[in-house]
Amino acid sequence: MTDTIAASSAASTGFTDTSSVGDQPTLIRSAADITRLVNQGATKLSDARIVIAIALGGVFLDAYDLGGLAFGMKDITRQFGLTPSGAGMVASAITLGAIVGALFGGYLTDKIGRYRVFMADMFFFVVAALACAFAPNEWVLGISRFVMGVGVGIDLPVAMAFLAEFSKLSGRGNKASRVAMWCPTWYAAISISYLLVLLLYAVLPADQTDILWRIILGFGAVPALLIIAIRHRYMNESPVWTANQGDLEGAAAILRRSYNINVEVAKDANLHPQPAVRKAAWSNYGELLKGVYLKRTILATVTSLVSPFAYNAVAFGLPVILSTFLAQSILSTILFSLGLNLCFAFVGGLLAVRFVPKFGAWNMTLAGYALQLIAMVGLALVGHPDNGTQAAISIAMLALFLFGQGIGPGSHTMTFASLSYPTSLRGVGVGFNQILVRTSSTASLFLFPVLSAALGTGVFWVIAFAPLIGLIVLLAIRWEPSGYDVDAEDFVVEEVKA
């Protein structure tokens, strides 16, 4: 079907590529031509790579906040006298907000454009971070984190749209690789929050460590302000989205500015009949469950539910696991958490970015789930370690789980969500995905403190069901988005529906 779509799209546009002939411009006659230029990797190392990096700013802040709060939960629980349910409420408030943000963010990303939404959502981070730092009680803290979650939910659909629509189709640095970059960015942010905790733990007086969590969360406003300034300087609207709105001149201007290529709209462009591109509408959420998109949505849905459930339980619970289950001191807990994230989760994410063009997102996700299942079963079997050897095995299992997350579902759950739908559906596709991700994360963050208090290390048996379900669904639906020209489906809608 890929070749059919590409051939049909090329035949209908009359695309003329003259970019390699002296200073002659590349002539474009349709939105499909714009998409093809991006897919061919026409960039000459101008602002496009900067756009990719800036697009990951919201991902960084989301992960930074999660890592910082993970270390602060014990102090927050003690200061505000929280029950396990109250702690779960504070921890999960950000994901509840993200559900709301993703619902509206996905629609707005397709409706009013990537740039406008992208510039607005950072203000949620600034306001919420400062409010968290000065929260007088758990209610203000919970509401502030809910507001931050709204910003996160809005940011992710537009960030993934930028990553997909400023990247080429195949080879190194392709769309799947760029989208997967969100994963090592996440782990880098987690590691930075751990480093900041370690630094503050070293310099703060012993009687001031209770304010550590306030400093960590409040500091999140600083990178948010920097991201706002940098986005204003470098960001442009997506040329693919702009062309789909019928503004070929605007799309051409973006290509000249961000891709540094000589491109012009052909004078006879308006003489060529243009396929009607699907317009933004709330009903587009329903389109995700029709035609060829149904199986893709099922696969993306299941991975979006099971992956964050397992990851949030382990990643957010890592300090609790190390300090309680494995009886580590606060200093060793910080160091082990930092080392595990950098050496295994972060490295796994980098390997996912490097090798997804070669092995594909489906294969790498399958391998990641298999490693995670082994890790959870191993942790459940060891239980509370009785000696140093068992503690080492448990830490190795945590490392294996995080490596599997980085190389597999952590990176490619977003790949399935972003690259299973064309430009006209990408915002709502990622928005729907994020609603599911945040719903699962909310359940995980709320239930982990409750289940770990009730089951102890038996909680790992519960978590093990997540990668098991992921494996089963992957084996049932073999959909590979890496290297597939999904954007061309906007221009041959009748074939896609067939």
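Each chain carries its own residue numbering, running from 1 in the written order of its sequence. Where totals are concerned, whole chains, interfaces and linings use all residues; where local detail is concerned, this predicted model gives features only for residues with pLDDT of at least 70, and gives and counts side-chain atom pairs only at 80 or more. Hydrogens and water molecules were not included; the side-chain quantities draw on all heavy atoms of the structure.

1. Concerning the overall build of the chain
As a reminder, the rule being used: What counts as a helix is a DSSP run of H or I of at least four residues, what counts as a strand is a run of E of at least two, and both are numbered from the N terminus. Remark: exposure states derive from per-residue accessible area (1.4 Å probe, protein chains only) relative to the maximum for the residue type, with buried under 20%, exposed over 50%, and partly exposed in between. Only heavy atoms enter the contact rule, under which two residues are in contact if any of them lie within 4.5 Å.
When helices and strands are counted, the chain shows 22 helices and two strands. When each of the 498 residues of the chain is scored for burial, the buried share is 60%. Contacts in the chain between residues at least 24 apart in sequence constitute 82% of all its contacts with a sequence separation of at least 6.

2. What about the pattern of salt bridges?
The condition that has to hold: When a carboxyl oxygen of Asp or Glu lies within 4 Å of a side-chain nitrogen of Lys or Arg, that pair is called a salt bridge.
Using the criterion set out here, one finds four salt bridges in the structure. For the salt bridge of Lys-290 with Glu-287, the shortest nitrogen-to-oxygen distance reads 3.3 Å. A residue is classified by how much of its surface remains accessible, and Glu-287, at 17% relative accessible area, is buried. One network of salt bridges, in which partners are shared, links Lys-175, Arg-426 and Asp-487.

3. A closer look at the nonpolar core
Nonpolar side chains tend to gather and get buried jointly when the protein is soluble and globular. Our working definition: For this analysis, a nonpolar core means a set of buried residues of the types Ala, Val, Leu, Ile, Met, Phe, Trp, Tyr and Cys, connected via side-chain atoms within 4.5 Å.
Core analysis: the biggest nonpolar cluster contains 94 residues, and Met-160, Trp-182, Trp-186, Met-376, Phe-416 and Ile-463 have the highest contact counts within it. The dominant element in this core, judged by the number of residues it contributes, is helix α7 (residues 138-165), at 11 residues. Grouped together as the second largest cluster of nonpolar side chains are 16 residues, Ile-28, Leu-37, Val-38 and Leu-255 included.

4. A closer look at helix α17 (residues 361-382)
Just so we agree on the cut-off: By definition here, a helix of n residues has an expected span of 1.5 Å times n minus one.
An ideal rise of 1.5 Å per residue puts 32 Å on 22 residues; α17 measures up with 32 Å between its terminal C-alpha atoms. Positive phi appears at Gly-383, one or two residues downstream of α17, with a value of about 65 degrees.

5. Things to note about helix α19 (residues 409-419)
Counting buried positions along α19 gives 11 out of 11 residues, so the element sits mostly inside the fold. Those residues of α19 that sit buried are Pro-409, Gly-410, Ser-411, His-412, Thr-413, Met-414, Thr-415, Phe-416, Ala-417, Ser-418 and Leu-419.

6. Considering the packing of aromatic side chains
Operational definition: Ring pairs are drawn from Phe, Tyr and Trp, using the six-membered ring of Trp, whenever the two centres fall within 6.5 Å, and their geometry is named by plane angle: stacked under 30 degrees, edge-to-face over 60, tilted for the rest. Whether a charge lies above a ring is judged from NZ of Lys or CZ of Arg, which has to be within 6 Å of the ring centre and within 35 degrees of the ring normal.
According to the stated counting rule, one finds eight aromatic pairs in the structure shown. A ring pair is formed by Trp-282 and Tyr-285, whose centres lie 6.2 Å apart and whose planes are at 20 degrees; its orientation type is stacked. Following the ring pairs from residue to residue traces out a cluster consisting of Phe-104, Tyr-107, Trp-282 and Tyr-285. One Lys or Arg, Arg-296, reaches over the ring of Trp-479 and ends 4.2 Å from the middle of that ring. Positioned over the ring face of Phe-355 is Arg-354, at 5.3 Å from the centre of the ring.

7. Some remarks on the side chain of Thr-365
Mapped onto the elements, Thr-365 comes out in helix α17. When near neighbours in sequence (up to four residues on either side) are disregarded, Thr-365 contacts Gly-408, Pro-409, His-412, Phe-416 and Leu-474.

8. A short note on the environment of Ile-28
When you line up the elements, Ile-28 lands in strand β1 (residues 26-28). Take Ile-28: its relative accessible area is 0%, and that puts it in the buried class. Between the C-alpha atom of Ile-28 and that of Lys-267, which follows or precedes it by 239 residues, the distance is 9.3 Å.

9. Structural notes on the packing of helix α6 (residues 114-133) against α7
For clarity, the threshold we go by: Angles here are taken between N-to-C directions and fall from 0 to 180 degrees, while the axes themselves are lines fitted to C-alpha atoms, restricted in helices to the stretch in contact. Our angle categories are set so that under 35 degrees counts as roughly parallel, over 145 as roughly antiparallel, 65 to 115 as roughly perpendicular, and the remainder as oblique. Each crossing is labelled by how the near helix is turned from the far one, with a counterclockwise turn of less than a right angle marking it left-handed and a clockwise turn marking it right-handed. As a working rule, the residues Ala, Val, Leu, Ile, Met, Phe, Trp, Tyr, Cys and Pro are called nonpolar, Asp, Glu, Lys and Arg charged, and the rest polar, with Gly in that last group.
At a minimum axis separation of 8 Å, α6 and α7 run at an interaxial angle of 155 degrees. The angle between α6 and α7 falls in the class roughly antiparallel. Of the two elements, α6 crosses α7, and the hand of that crossing is left-handed. Of the residues in the contact of α6 with α7, the class split is 21 nonpolar, two polar and five charged.

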